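Examining the three-dimensional arrangement
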Amino acid sequence: MFIDDVSFHIKAGNGGNGVVAFRREKYVPFGGPSGGNGGRGGDIIFVGDEGLTTLLDFRYQKLIVAANGENGRPKNCFGRDAKDVYIRVPVGSIVYDLNNGIVIADITKHKQEVVVAKGGKGGRGNASFGTSRMTAPEICEKGELGEEKVIRIELKILADVGLVGFPSVGKSTIISVVSAARPKIADYPFTTLVPQLGVVKVKDGRSFVMADLPGLIENASQGAGLGFQFLKHIERTRVIVHVLDMDSKEKRNPYDDYLKINKELATYNPQLMLRPQLIVANKMDLPNANHKLEQLRKQIPDMPIIPISAYTNHNLDQMVYEIANLLDTVTIDQFKDDLVDQVIEYRFTPEQAFVIEKDEQGVYNVSGPMVKKFFEATDFTRDANIKMLARRLRNLGVDAELRKLGVKHGDTVRIFGYEFEFLD
Ligand SMILES: Nc1nc2c(ncn2[C@@H]2O[C@H](COP(=O)(O)OP(=O)(O)OP(=O)(O)O)[C@@H](O)[C@H]2O)c(=O)[nH]1
Ligand SMILES: [Mg+2]
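If you're wondering where the values come from, they're calculated on a predicted model, not measured in any experiment.

1. Notes on the overall build of the protein chain
Counting its regular elements, the protein chain contains nine helices and 18 strands. Taking 2.2 N^0.38 as the reference for a compact globule, 424 residues should give roughly 22 Å; the C-alpha atoms of the protein chain span a radius of gyration of 31 Å, well beyond that estimate. Looking at the 424 residues of the protein chain, the share that counts as buried comes to 48%. As displayed, the protein chain has an accessible area near 21,700 Å², and 51% of this comes from carbon and sulfur atoms.

2. Examining the sheet that holds strand 8 (residues 148-155)
As summarised here, the arrangement of the five strands in space is 3-1-8-5-6, forming an open sheet in which the pairing is mixed. Each edge of the sheet is formed by a strand with only one pairing partner; in this case those strands are strand 3 (63-65) and strand 6 (102-106). Across this sheet, the average inter-strand angle for adjacent strands is 30°, counted without regard to direction. Strand direction decides the pairing type here: strand 5 (residues 93-97) and strand 8, joined by five bridges, are antiparallel.

3. Regarding unusual backbone geometry
Backbone geometry at Asn76 places phi at a positive 60°, although glycine is not the residue there. In this structure, Asn76 sits in the loop between strand 3 and strand 4 (85-90). One non-glycine residue, Lys283, adopts positive backbone phi at about 65°. Within the fold, Lys283 resides in the loop between strand 13 (277-282) and helix 4 (289-299).

4. What to know about the pattern of salt bridges
Summed over all chains, the structure comprises 33 salt bridges. Across the pair Asp160 and Arg238 runs a salt bridge, and its minimum N-O distance is 2.8 Å. With Asp160 in the loop between strand 8 and strand 9 (161-164) and Arg238 in the loop between helix 2 (227-234) and strand 12 (239-245), this pair connects stretches of sequence that are 78 residues apart. Across the pair, exposure class does not vary: Asp160 and Arg238 are buried alike. With a closest N to O distance of 3.8 Å, Glu218 and Lys260 form a salt bridge. You can see Glu218 sitting in the loop between strand 11 (207-212) and helix 2 and its partner Lys260 sitting in helix 3 (residues 254-268), a full 42 residues away along the chain. Because the salt bridges share partners, they merge into one network encompassing Asp4, Asp5, Arg152, Glu154 and Lys232.

5. Concerning the nonpolar core
In this structure, Phe46, Phe208 and Met319 are the most contacted members of the largest nonpolar core, which totals 65 residues. Among the elements that line this core, the one with the most residues is helix 5 (residues 316-328), at six residues. Looking at which domains feed residues into this core, each of domain 1 (1-155) and domain 2 (161-339) gives three or more. Formed by 16 residues, the second largest nonpolar core is a distinct cluster that contains Phe354, Met370, Phe374 and Val398.

6. What about the site of ligand 1?
Close to ligand 1 lie 23 residues, the nearest being Ser168, Lys171, Thr173, Thr192 and Asp285. Here an oxygen atom of ligand 1 sits 3.1 Å away from a polar atom, N or O, in the main chain of Tyr311. In the complex, the protein chains occlude 90% of the 650 Å² of accessible area that ligand 1 would expose alone. Its residues placed into classes, the shell around ligand 1 shows 10 nonpolar, nine polar and four charged.

7. Topic: the domain arrangement of the protein chain
What the domain assignment reports for the protein chain is domain 1 (1-155), domain 2 (161-339) and domain 3 (355-421). Between domain 1 and domain 2, the C-alpha centre-to-centre distance is 46 Å. At the interface, nine residues of domain 1 touch nine residues of domain 2. Across the domain 1 to domain 2 interface the summed buried area is about 700 Å²; carbon plus sulfur atoms make up 47%. Counting across the interface, domain 1 meets domain 2 through three salt bridges. At the boundary of domain 1 with domain 2, the tally comes to three residue pairs in polar contact (both at pLDDT 80 or more).

8. Quick notes on helix 3
Between its first and last C-alpha, helix 3 extends 21 Å over 15 residues, near the 21 Å set by a 1.5 Å rise per residue. Along helix 3, the residues classified as buried are Pro254, Asp257, Tyr258, Ile261, Asn262, Glu264 and Leu265. Viewed along the axis of helix 3, the buried residues span an arc of 155°, placing them on a single side of the element. For helix 3, the N-terminal capping position is held by Asn253, with its side-chain oxygen 2.7 Å away from the main-chain nitrogen of Tyr255.

9. Digging into the packing of aromatic side chains
Aromatic rings considered in pairs are described by the distance between their centres and by the relative angle of their planes. A full pass over the atoms with the stated rule returns five aromatic pairs. Ring plane angle 10° and centroid distance 5.5 Å describe the contact between Phe8 and Phe58, whose orientation is recorded as stacked. Of this pair, Phe8 sits in strand 1 (residues 5-11) while Phe58 sits in the loop between strand 2 (44-49) and strand 3, and the two are 50 residues apart along the sequence. With 5.8 Å between their ring centres and 5° between their planes, Phe380 and Tyr418 make a pair best called stacked. Of the two residues, Phe380 is situated in the loop between helix 7 (369-376) and helix 8 (383-396) and Tyr418 in strand 18 (residues 418-421); the sequence distance between them amounts to 38 residues. Overall, Phe380 belongs to the partly exposed group, its relative accessible area being 29%. The ring of Tyr321 carries the charged tip of Arg206 above its face, separated from the ring centre by 5.4 Å.

Criteria and cut-off values
- Residues numbered from 1 in each chain as written.
- Chains lettered and ligands numbered in written order.
- Predicted model: local features only at pLDDT ≥ 70, side-chain atom pairs only at ≥ 80, totals over all residues.
- Heavy atoms only, no water.
- Helix = DSSP H or I, 4+ residues; strand = E, 2+ residues; numbered from the N terminus.
- Rg over C-alpha atoms; globule rule 2.2 N^0.38 Å.
- Buried < 20%, exposed > 50% of the residue type's maximum accessible area, 1.4 Å probe, protein only.
- Areas by Shrake-Rupley, 256 points an atom, 1.4 Å probe, with all protein chains shown as cover.
- Pairing = 2+ DSSP bridges.
- Axes fitted to C-alpha atoms, helices over the stretch in contact; angles between N-to-C directions.
- Salt bridge = Lys/Arg side-chain N within 4 Å of Asp/Glu carboxyl O.
- Core = buried A, V, L, I, M, F, W, Y, C linked by side-chain atoms within 4.5 Å.
- Domains from an automatic or database assignment.
- Near = heavy atom within 4 Å.
- Polar contact = N/O pair within 3.5 Å; in protein donor to acceptor, adjacent residues only side chain to side chain.
- Nonpolar A, V, L, I, M, F, W, Y, C, P; charged D, E, K, R; others polar.
- Contact = heavy atoms within 4.5 Å.
- Buried area = accessible area lost by both parts, 1.4 Å probe.
- Expected span 1.5 Å × (residues − 1).
- Arc of directions from axis to C-beta.
- Phe/Tyr/Trp six-rings, centres within 6.5 Å; stacked < 30°, edge-to-face > 60°.
- Lys NZ or Arg CZ within 6 Å of the ring centre and 35° of its normal.

Printed below as a string of structure tokens:
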């Protein structure tokens, strides 16, 4: 089965907590703070793998988690960092964050690595807070939470050239004679159910990747046949090779086929019509083929048409050569815009400051990623930690901003659901 669209949950590891501890050893006169830091939570990293061609492995996947970092321990022992989790995905995978629809990874190369969920940093233990003025700090941080996302992976296979055409025109036969790919070949429609990739070597040393795609029929762009699911795979090819059967048993005419397939491509995505196209007139060994080729040349005088027979291997070298020449005139970047609407490089949460909003009850709501980070790092069971949070918010400018907004002694300030009294 060919699976090219899956969604599931991912959760990177939380950072381990820092701890509070003091050294109390027999012969050490001044036992200082000795609580170690927590370890880092594991990242979830996607890696491009050219050996994979479908997302089948993810079919039953609901959740991928990375382990949490270990908590810090006394005697300055740091918690161990958790192992990162590496997940292999096929080259051509586009990863979306379903919360905002943004593309968080576009895996286009073998072994390309992208962190799709970042593990939390470990919290600091009290040993990290000791200074000459504060020799016995009772503060420690909780580990940062690992990122959690619902993602969708869409696979759009990557090939230089895509073979398109009606079923049974000979697409699979062509790829089988010009590359090492061995797809199933038969004279019934929709023999090919899964895109097949093959590397084609040109005699002059050039090479390119060809994709044999399942056959298209009229209204494929509306979902007829298998077409729709596979039309998207054409989007990422640089050159479209349009294969025509020059003597179809089904009494179809090559020119009509040509128009119909182009109409489906245009309906699916008008940008596809800007893609360089080359017509391959196949099955030239059949009796009526020469006559039909003459006609076709008159009907489409401005398009290059290459007559071949995949069956007798006639003219294959020329076909391969022409495809390679056409490929040399286009770079994938020319199509970048219509490939993925909005690609962003993976970035850590922007550490912007904070937002304060006053609601009808006169409560000041403080939010923002930085505040959230401090808040989550706070272990509220220790007074010293709460004081540290207050100090951090003050340093961030939260107090000053609250005052600007008119906060008074005794007013309520809400931070992520927790309410505090503002004390001046
Ligand atoms: N006579 C002749 N028959 C051919 C030629 N190329 C392919 N065929 C035959 O046409 C039939 C269909 O070939 P396929 O390669 O499976 O066609 P396809 O376009 O991949 O078809 P789908 O996968 O169903 O879309 C098979 O019986 C082939 O043997 C050719 O050059 N000449
Ligand atoms: Mg086929």
